[in-house]
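Understanding the architecture of this molecule
Next come the chains, spelled out residue by residue.
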Amino acid sequence: MTAPTAPRTGALDADVLVHRDDFTLQAAVQVPPGGRLAVLGPNGSGKSTLLSALAGLVALDGGRISLDERELERAGGLRLRPEQRGVALLDQKPRLFPHLSVAQNIAFAPRARGVARGEARRIAIDWLDRLGLAGRGDERPHRLSGGQQQRVAIARALAAEPALVLLDEPFAALDAESAPAVRRMLSDQLSARGVSSILVTHDLADAWQLADDCMVLDHGRVLERAAPAELVASPRHPFTARLAGFDVVSGVWSGVALELGDGSALPGGPEGQLAAGDHAFAVLAPSAAEVRPDGAYRMRVDAVSAHAGVMRVEHRSGLTAVVPDEEIRSRSALPRVGEVVTVLVPPLAVRRAPDASGR
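Residues numbered from 1 in each chain as written. Predicted model: local features only at pLDDT ≥ 70, side-chain atom pairs only at ≥ 80, totals over all residues. Heavy atoms only, no water.

**Describing the overall build of the protein**
Using the following cut-off: Secondary structure follows DSSP: runs of H or I at least 4 residues long count as helices, runs of E at least 2 residues long count as strands, and numbering of each begins at the N terminus. For the exposure calls, accessible area comes from a 1.4 Å probe over protein chains only, and a residue counts as buried if that area is under 20% of its type's maximum, exposed if over 50%, partly exposed in between. By definition, residues are in contact when any of their heavy atoms lie within 4.5 Å. Note on areas: Shrake-Rupley, 1.4 Å probe, and residue coverage restricted to the protein chains presented here. The charge count treats Lys and Arg as positive and Asp and Glu as negative. His and the chain ends do not count. We put the charge of a Lys on NZ, of an Arg on CZ, of an Asp on CG and of a Glu on CD.
Secondary structure assignment for the protein yields nine helices and 21 strands. On the principal axes, the C-alpha backbone points of the protein span a range of 75 × 50 × 30 Å. Residue burial in the protein is summarised as follows: out of 359 residues, 48% are buried. Intrachain contacts of the protein at a sequence separation of at least 6 include 67% that bridge at least 24 residues. On the protein, roughly 16600 Å² of surface is accessible, and the fraction owed to carbon and sulfur atoms is 49%. Once the 41 positive and 43 negative side-chain charges of the protein are each reduced to a mean point, those two points are 7 Å apart.

The structure is reproduced here in structure tokens:
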């Protein structure tokens, strides 16, 4: 089996400024040689625009992009075409060529680099062996499952020997059974080849497995950058906190407490720049608040949920409180929507909420 030539894995250094109709993307992105960056953020935050700019599909309005010590673009000046950049872009859809066989799809990339037909086919067959698709190279893509097609798309991207791979939610269209296998395959191949990558995802599990650094975008601005473990342990943005499974309680900072809009307030202390009247939020572990007779906060129940035998009551602010087993046993009836219950809530660290600019 012939191993493919290792690609160049130089550093990415980019200052990206792109004006869109509804927002402006402004982000500095650095990825070391062989590094893996995950980009997270709400829908419309600029994640796909960032990848499109790096790939050369969207022109810069300001800034510059260099890869492997080679300048790819300078706003108002140099701008290499996408095929000249040494960058591979892979999104949710495999986008295989339907008129080509599976092997021809993979061989397309080395052929485009000038590799002889026979050698390009050997590279494709080697990739099919790696993918667990040996013997299926002469089939058309439609004969493969969605997960198998995405594996072939990954192989085609890596067979181009890019210096940088851009991944725009590559597992989003896969079913729950095939996604883990494709995720493992991609992680293994990126590690084996040492190629740099940027992954756009809404799943912290993807970031945990496929990245060593994370960047959070909102309204075109970088709000947070940290290792995946740090984002999970102490998220500093509402989107990241929800992604990590925390409750996000929203309100207005009074100067001494977080007011929830129904005449009630939760005790807490300010963290960072925070002034009275600011829209604010606090991050709370799902099991941190409990419905208790000795609770100091009176909460109106706006929703009731049960999962894995645990009952929770929810407030419109985002506050969720667990109903302990002893509380359930002591009550004549379970809490209902509209009922007021007393809740024990630990002191909160209150932060200023991002405004419309994402800051």
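Next comes the rest of the write-up.
**Digging into the environment of V341**
With respect to the element layout, V341 can be found in strand 20 (residues 340-344). In this structure V341 comes out as buried when scored by relative accessible area, which is 3%. For V341, the residues in contact, after removing those within four places along its chain, are V291, Y297, R298, M299, V301, V313, R331 and P335.

**Focus on the confidence of the model for the protein**
Operational definition: Scored from 0 to 100, pLDDT records how confident the predictor is in each individual residue.
Here the protein averages 88 in pLDDT, while 96% of its residues score no lower than 70. Note on residues 1-7: pLDDT is under 50 here. Beyond four places in sequence and across chains, it has 16 contacts.

**Overview of the nonpolar core**
Basically, it comes down to this: Side-chain atoms within 4.5 Å link the members of a nonpolar core, which is a set of buried Ala, Val, Leu, Ile, Met, Phe, Trp, Tyr and Cys residues.
Formed by 34 residues in total, the largest nonpolar core has its most connected members in I106, L131 and V152. Mapped onto this core, the elements with two or more residues apiece are helix 2 (102-112), helix 3 (117-131), helix 4 (146-159), strand 7 (164-168) and helix 5 (178-193). Aside from chain neighbours lying at most four places away, what touches I106 is A124, W127, L128, L131, V152, A155, R156 and A159. Within the second largest apolar cluster, 30 residues are counted, among which are L25, L51, I65 and L166.

**Some points on unusual backbone geometry**
Most of the time, phi is negative for any residue but glycine, and the peptide bond is trans. Residues other than glycine seldom take positive phi values, yet E169 does so here, at roughly 45°. Its place among the elements puts E169 in the loop between strand 7 and helix 5. Despite not being glycine, H219 shows a phi value in the positive range, around 50°. Tracing the chain through its elements places H219 in the loop between strand 9 (213-218) and strand 10 (221-226).

**Here we look at the sheet that holds strand 14 (residues 279-284)**
Let me state the cut-off plainly: At least two DSSP bridges between two strands are required for those strands to pair. The angle between two axes is taken between their N-to-C directions and runs from 0 to 180 degrees, where each axis is a line fitted to C-alpha atoms and a helix contributes only its stretch in contact.
Strands sit in the order 11-12-13-21-14 around a closed barrel of five strands; the barrel is mixed. Each strand of the sheet is rotated relative to its neighbour by a mean of 55°, with strand direction disregarded. In the sheet, strand 12 (residues 257-259) pairs with strand 13 (residues 265-270) via three bridges, with the strands oriented antiparallel. Looking across to strand 13, one finds that A257 is bridged to P267.

**Topic: the environment of L186**
Within the secondary structure, L186 sits in helix 5. Given the relative accessible area of 1%, L186 is considered buried. Residues L186 and A296 lie 110 residues apart in sequence; the distance between their C-alpha atoms is 50 Å. Excluding residues that lie within four positions of it along the chain, L186 makes contacts with I154, L167, F171 and L210.

**A word on the side chain of R156**
The condition that has to hold: Just to be clear on terms, a salt bridge is a Lys or Arg side-chain nitrogen sitting within 4 Å of an Asp or Glu carboxyl oxygen.
By the secondary structure assignment, R156 is in helix 4. Although R156 is buried, it makes no salt bridge; D91 carries the closest opposite charge, 8.0 Å away. Sequence-distant contacts of R156, that is, excluding residues within four places in its chain, are made with P94, R95, L96, F97, N105, I106 and A109.

**Section: helix 5**
For the record, the criterion: Under the convention used throughout, the expected extent of a helix is 1.5 Å for every residue step, that is, one less than its residue count.
With 16 residues, helix 5 extends 23 Å between its outermost C-alpha atoms, agreeing within 8% with the 22 Å of an ideal straight helix rising 1.5 Å per residue. Those residues of helix 5 that sit buried are S178, A179, A181, V182, R183, M185, L186, S187, Q189, L190 and R193. Against the buried residues of helix 5 lie strand 3 (36-40), helix 3, helix 4, strand 7, strand 8 (196-200) and helix 6 (204-210). G194 occupies a position one or two residues after helix 5 and carries a positive phi of about 65°.

**Focus on the pairing of strand 19 (residues 320-323)**
Residues T320 and V322 of strand 19 are buried on one face, and the alternating residues A321 and V323, pointing to the opposite face, are buried as well. As defined by bridge partners, strand 18 (residues 310-314) adjoins strand 19 across four bridges and the pair is classed as antiparallel. Bridging from a neighbouring strand, V313 pairs with A321 of strand 19. Linking strand 18 to strand 19, which pair antiparallel, is a turn of five residues; within it G318 sits at a positive phi near 110°.

**Some details on the packing of helix 2 against helix 4**
Spelled out, the test is: Any angle that is under 35 degrees is reported as roughly parallel, and any over 145 degrees as roughly antiparallel; angles of 65 to 115 degrees are reported as roughly perpendicular and all others as oblique. Helix crossings get a hand from a simple test, with the near helix turned counterclockwise from the far one by less than a right angle marking a left-handed crossing and a clockwise turn marking a right-handed one.
Contact geometry for helix 2 and helix 4: axes closest at 7 Å, N-to-C directions at 25°. Relative to helix 4, the element helix 2 is oriented roughly parallel. As for the relative orientation of helix 2 and helix 4, their crossing is right-handed in sense. Residue-level inspection shows V102, N105, I106, A109 and P110 of helix 2 in contact with helix 4, the latter providing V152, A155, R156 and A159.

**Some thoughts on the pattern of salt bridges**
Summed over all chains, the structure comprises 19 salt bridges. Notably, a salt bridge pairs R81 with E83, separated by 2.7 Å at the nearest N-O pair. By relative accessible area, which is 47% here, R81 ends up partly exposed. As a salt-bridge pair, R236 and E271 come within 3.1 Å of each other at their nearest N and O atoms. Taken together, the residues R236 in the loop between helix 7 (228-233) and helix 8 (238-243) and E271 in the loop between strand 13 and strand 14 connect sequence positions 35 residues apart. Judged by relative accessible area, which is 28%, E271 ranks as partly exposed. One salt-bridge network, held together by shared partners, links R64, E71 and R74.

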